[in-house]
Each structure stands twice: as structure tokens, then as C-alpha cells.
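# A closer look at the structure
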Amino acid sequence: MALIRGSNSIFDPFFLSSSIVDPFEGFSLFDRRPFEGFANFSQDVSSVANTRVDWVETPEAHVFKADLPGLKKEEVKIHVEDDQFLSISGERNKEQVDEKDSYCRVERSYGKFHRQFRLPENSKVQEIAAKMENGVLTVTVPKADVAKKAQVRNVEITS
């Protein structure tokens, strides 16, 4: 089975989590208690898998945009490893639950997230800039002016 961008395979990084079927849907809270650990695990995993990032290459830069609703810029970390890998990470904390409230459905994810991208060789890692506006993180990695000259070399044939 070939993976196609936009397909409905959980192995596809662009797979939408909203199409995952909740096997516990329709069960009463009493019936779900033995499985609560699994439900919490899947929510934590979905916070990592659901951190959506667009990578756009413009003539001047590589631009990464990540949807991080509800996070403050202080809760997000950006670093570059070995001048090759751009890492974006952070954590969305679980909201405090009032004992009087009874949730019918919990879909918003929480937990730690981490995304890493290999930067192209023409990246100016010392000039990376980032801004956070309306829950969207934008990281701009300027491109170096690398003019590759076509080099022609003759190769002799030996006998």
C-alpha cells in the first residue's frame, strides 16, 4: 500500500486525527474506567502528532509555520543542532478540572510536542528569526546566496 499525502492512513504525517474512531464512544463512564489509561496515552500521543507545521520555501528563505493555539511564546522552545536541524518543542498543560463539572467529550490535546526538520545546506542558521502571533509560530530561516558554477572536467580513459 503506497502512502499518499492526504490519505487516510495513520502512518501518513498529514493524517487528520479527527478521523480516528473513538472505540469507547457510547460507553458510560462506568464502562470506560478500566480503559482510562489508554485514553490518556492516546491524548498525549496526539498532541505530538497533531502539531501541524507548514514549510514554505521562498526565494529568500525557508519559512516554517506551526499552529500552536493557546500557547505563549515562553512555552515554546526553538533551537538548532549542529547547524543542520531545526527543533520546535514545547508543552501544552492540561487544564484544571472542576469537580462539579462533567465532561461529555474531551478532544483538545495536551502534553509535550517536538518537531524536527533537517535544514538545507544553504541555510543561514545564525540569522534565524521567530515570531508568535495569534497562536501561529513563524520561524524564518534565511537562505545563503550560493551560486553554484557548473564545473566541467575532462576525464581521460586509460587502457
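Residues numbered from 1 in each chain as written. Predicted model: local features only at pLDDT ≥ 70, side-chain atom pairs only at ≥ 80, totals over all residues. Heavy atoms only, no water.

- The chain appears in an unreviewed UniProt entry as SHSP domain-containing protein from Riccia fluitans.
- Comment text from UniProt for the chain, heading Sequence similarities (unreviewed entry), reads "Belongs to the small heat shock protein (HSP20) family." (UniProt positions renumbered as here; feature names shortened; annotations may be inferred.)

### Re the overall build of the chain
- From N to C terminus, the chain includes two helices and seven strands.
- Out of the 159 residues belonging to the chain, those deemed buried represent 23%.
- In the chain, the share of contacts with a sequence separation of at least 24, taken over all contacts with a separation of at least 6, comes to 55%. (Helix = DSSP H or I, 4+ residues; strand = E, 2+ residues; numbered from the N terminus. Buried < 20%, exposed > 50% of the residue type's maximum accessible area, 1.4 Å probe, protein only. Contact = heavy atoms within 4.5 Å.)

### What to know about the sheet that holds strand β7 (residues 136-142)
- Spatial ordering of the open sheet is given by β1-β2-β7-β6, a layout of four strands whose pairing is antiparallel. Taken across any chain shown, the strands that pair with only one partner, and hence form the sheet edges, are β1 (53-57) and β6 (129-133). Ignoring which end each strand starts from, the neighbouring axes of this sheet average 15° apart.
- In terms of strand pairing, strand β2 (residues 61-67) meets β7 through seven bridges, oriented antiparallel. By the bridge assignment, valine 63 is partnered in β7 with threonine 140. (Pairing = 2+ DSSP bridges. Axes fitted to C-alpha atoms, helices over the stretch in contact; angles between N-to-C directions.)

### A word on the packing of aromatic side chains
- Tallying each qualifying case throughout the model produces three aromatic pairs.
- When the centroid spacing of 6.0 Å and the interplanar angle of 75° are considered together, the rings of tryptophan 55 and phenylalanine 117 count as edge-to-face. Taken together, the positions of tryptophan 55 in strand β1 and phenylalanine 117 in strand β5 (residues 111-118) put the pair 62 residues apart, joining distant regions of the chain.
- The partly exposed category is assigned to tryptophan 55, whose relative accessible area is 37%.
- Since its relative accessible area comes to 9%, phenylalanine 117 is described here as buried.
- Ring geometry for phenylalanine 64 versus phenylalanine 117: centroids 5.1 Å apart, planes at 45°, classification tilted. Taken together, the residues span a long stretch of sequence, with phenylalanine 64 in strand β2 and phenylalanine 117 in strand β5 at a distance of 53 residues. You'll find phenylalanine 64 and phenylalanine 117 in the same group, each marked buried. (Phe/Tyr/Trp six-rings, centres within 6.5 Å; stacked < 30°, edge-to-face > 60°.)

### A few points about the pairing of β6
- Looking at chain direction, β6 and β7 are connected through five bridges and run antiparallel. Bridging from a neighbouring strand, lysine 131 pairs with threonine 138 of β7.
- Hairpin connection, β6 to β7: the antiparallel pair is bridged by two residues, and asparagine 134 has positive phi, about 55°.

### Regarding the environment of threonine 140
- Positionally, threonine 140 belongs in strand β7.
- Overall, the relative accessible area of 28% leaves threonine 140 in the partly exposed class.
- C-alpha of threonine 140 to C-alpha of glutamate 57: the two residues are 83 residues apart in sequence and 9.8 Å apart in space.
- Apart from residues no more than four positions distant in its own chain, threonine 140 is found in contact with Ala61, His62, Val63, Glu127, Ile128 and Ala129.

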